[in-house]
Amino acid sequence: MEQAKKRLLVVFGTRPEAIKMCPLVNELKTRERFEIKTCVTGQHHEMLQQALRVFDVKPDYDLAIMQPEQTLFDVTARTLQSIKPVLEEYAPALVYVHGDTTTAFASSLAAFYLQIPVAHVEAGLRTKNIYSPFPEEYNRQAISLVAKYHFAPTQMARYNLRLEGKPFESIYVTGNTGIDALRTTVRAEYTSELLDWAQGSRLLLITAHRRENLGANMHHMFRAIRRVLAAYSDVKAVYPVHLNPQVKSIANEELGDCANIRLIAPMDVLDFHNLMNHSYLILTDSGGIQEEAPFLGKPVLVMRETTERPEGVEAGTLRLVGTDEEIIYYACRQLLDDPEEYARMAKAKNPYGDGHASARIADITERLLFDE
Ligand code: UD1
Ligand code: UDP
């Protein structure tokens, strides 16, 4: 007798989760044995919609929780409350959450309260300092506590989970679904007005948003960039500014009147990935960009004190520079002045899988839900 379809729910709420979960949603939809629904919390609004459009994913549930200047309390409480009826009504056999956001943490907690199994995508990343990144390191450790299945992007992530005592058979190394996304977005024939503007210059690409960098750290980061732009006439910068009002205000204050930089709205992921592909150097405190840059062979100065992505540092593409103005300034100068140092970092390596992580996760899920 044919078995009934299994119901799956994929939950996410921010831009980076959307970029890494939409490839999985689209893969799961090709599997006949699953009924699949997507629930977005709406922790991000515009930035989430941008990513959904690129991957043509239309959520079945939108909890629309975002508020301007939301606190961690707001995001946690509003997600927990509003996802409960979705979980009760749809009653999925498995809920997928991603990474380390508060959306992922609160959704996994809600599923746990209703005793619905949780699958954690991008599991096992660790800095082991719950204040850095804050609150993401706590979130990812807390999700690991309730997850039944851990989809780890790398062997290192698997090792971290084993050290915490997760059973061998609950962990699967799949690669990172972010590479699945990147394989579909980067195109040789890509052109844009921004690339025309940067033509003939070395292009710095900048992003910043980490909560622990809001305030003094961000001022220091941007002052370093300002000095670099003043020192080199052949360098231009593009900075798609995060919609967080605190980030916008510091960016405008420190870089608003600076020549040779374009402060622009967040870009959709197709444009952003192609711009990365044409950039000379990336300065960021982002997590996802640390995974994408090694694939593209683009050096990254990571403006953070810690990273949960040591694979990229080992590959040579990432360098942790923290948030000190002098250190960032001289690290940039070194890469702009020393071709050998630049070439050493600009080697394409890909510690994050072959771009088929979503298919692997879907295969494993079929096996777990139907054959075991
Ligand atoms: C969140 C995640 C972080 C992730 C980042 C990706 C948590 C605790 N943090 O941080 O892990 O790296 O997203 O960008 O889950 N805003 C808008 N429109 C948008 C998006 C944001 O206006 O589309 C503004 C809102 O005013 C919001 C603020 O940005 O209050 C901050 O957003 P929030 O999701 O709370 O924190 P992030 O710093 O973005
Ligand atoms: N990104 C994007 N548009 C932008 C900036 C970044 O699409 O203007 C993409 C980037 O390629 C990566 C993801 O957004 O896939 C990273 O998101 P973010 O830095 O906001 O979050 P994090 O990865 O730090 O959680």
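The structure displayed is predicted, hence computed values, not measured ones.

S.K.: Quick question: what am I supposed to make of the site of ligand 2 here?
M.R.: The environment of ligand 2 is made up of 16 residues, and the closest members are Arg-15, Met-267, Gly-287, Gly-288 and Glu-292. Take Arg-210: an N or O atom from its side chain is 3.2 Å from an oxygen atom of ligand 2. Those elements that provide at least two residues to the shell around ligand 2 are helix H1 (15-28), helix H11 (269-277) and helix H12 (288-296). Residue composition of the shell around ligand 2, grouped by class: eight nonpolar, five polar and three charged.

S.K.: How should I be thinking about the site of ligand 1 in this particular structure?
M.R.: In the region of ligand 1, 24 residues are neighbours, and Glu-46, Thr-102, Glu-136, His-209 and Arg-211 sit closest. In this structure, Thr-102 approaches ligand 1 through a main-chain N or O atom, which is 2.8 Å from an oxygen atom. Residue Arg-211 places a side-chain N or O atom 2.8 Å away from an oxygen atom belonging to ligand 1. If ligand 1 stood free it would expose 750 Å²; the protein chains cover 95% of that surface. Considered class by class, the residues forming the shell around ligand 1 number eight nonpolar, 11 polar and five charged.

S.K.: Is there a simple way to think about helix H14 (residues 325-337) in this case?
M.R.: For the α-helix, the turn length of 3.6 residues means that residues three or four positions removed from each other point alike. Across its 13 residues, H14 extends 18 Å between first and last C-alpha, which sits within 8% of the 18 Å expected from 1.5 Å per residue. Glu-325, Ile-328, Tyr-329, Ala-331, Cys-332, Leu-335 and Leu-336 are the residues of H14 that are buried. Along the axis of H14, the buried residues cluster in a sector spanning 165 degrees; they form a single face. Of the residues that open H14, the one with a side-chain oxygen 3.1 Å from the backbone nitrogen of Glu-326 is Asp-324.

S.K.: Explanation requested: the pattern of salt bridges in the structure shown.
M.R.: Charged atoms that come close allow side chains of opposite charge to pair. On inspection of all chains with the given rule, the structure shows 28 salt bridges. Between Asp-354 and Arg-360 there is a salt bridge, and its shortest N-O distance comes to 2.6 Å. A relative accessible area of 39% means that Asp-354 is categorised as partly exposed. A residue is classified by how much of its surface remains accessible, and Arg-360, at 30% relative accessible area, is partly exposed. One continuous salt-bridge network, built from bridges that share partners, spans Lys-20, Asp-100, Glu-122, Glu-137, Arg-140, Glu-291, Arg-304, Glu-308 and Arg-309.

S.K.: How do you make sense of the nonpolar core when you look at a structure like this?
M.R.: Nonpolar side chains in soluble globular proteins tend to end up buried together. Of all hydrophobic cores here, the largest spans 36 residues; its most connected members are Met-218, Phe-222, Tyr-239, Ile-261, Leu-281, Leu-283 and Leu-301. Contributions of two or more residues to this core are made by strand E8 (202-207), helix H9 (216-231), strand E9 (235-240), helix H10 (245-255), strand E11 (281-284), H14 and helix H15 (339-345). With seven residues, the single largest contributor to this core is H9. Those residues within four positions of Leu-281 in sequence are excluded, and the remaining contacts are Leu-203, Leu-204, Leu-205, Pro-299, Leu-301, Cys-332 and Leu-335. The next biggest cluster of nonpolar side chains, apart from the first, holds 33 residues, and it includes Cys-22, Val-57, Phe-151 and Ile-361.

S.K.: For this particular structure, what's the right way to read the pairing of strand E1 (residues 6-12)?
M.R.: For a regular strand, side-chain orientation follows a simple rule: the groups alternate between the two sheet faces. Here E1 lies mainly inside the structure; five of its seven residues are buried. With seven bridges connecting them, E1 and strand E2 (residues 34-40) associate as parallel partners. Note on E2: the bridge partner recorded for Leu-8 is Ile-36. With H1 bridging E1 and its parallel neighbour E2, the resulting β-α-β unit is right-handed. Sheet topology places E1 next to strand E4 (residues 94-98); three bridges connect them, and they run parallel. Its bridge partner lying in E4, Leu-9 is registered against Val-95.

Calculation notes
- Residues numbered from 1 in each chain as written.
- Chains lettered and ligands numbered in written order.
- Predicted model: local features only at pLDDT ≥ 70, side-chain atom pairs only at ≥ 80, totals over all residues.
- Heavy atoms only, no water.
- Near = heavy atom within 4 Å.
- Polar contact = N/O pair within 3.5 Å; in protein donor to acceptor, adjacent residues only side chain to side chain.
- Helix = DSSP H or I, 4+ residues; strand = E, 2+ residues; numbered from the N terminus.
- Nonpolar A, V, L, I, M, F, W, Y, C, P; charged D, E, K, R; others polar.
- Areas by Shrake-Rupley, 256 points an atom, 1.4 Å probe, with all protein chains shown as cover.
- Expected span 1.5 Å × (residues − 1).
- Buried < 20%, exposed > 50% of the residue type's maximum accessible area, 1.4 Å probe, protein only.
- Arc of directions from axis to C-beta.
- Salt bridge = Lys/Arg side-chain N within 4 Å of Asp/Glu carboxyl O.
- Core = buried A, V, L, I, M, F, W, Y, C linked by side-chain atoms within 4.5 Å.
- Contact = heavy atoms within 4.5 Å.
- Pairing = 2+ DSSP bridges.
- Right-handed = clockwise from strand over helix to strand, strands pointing away.

Worth remembering: the numbers are spatial, not functional.
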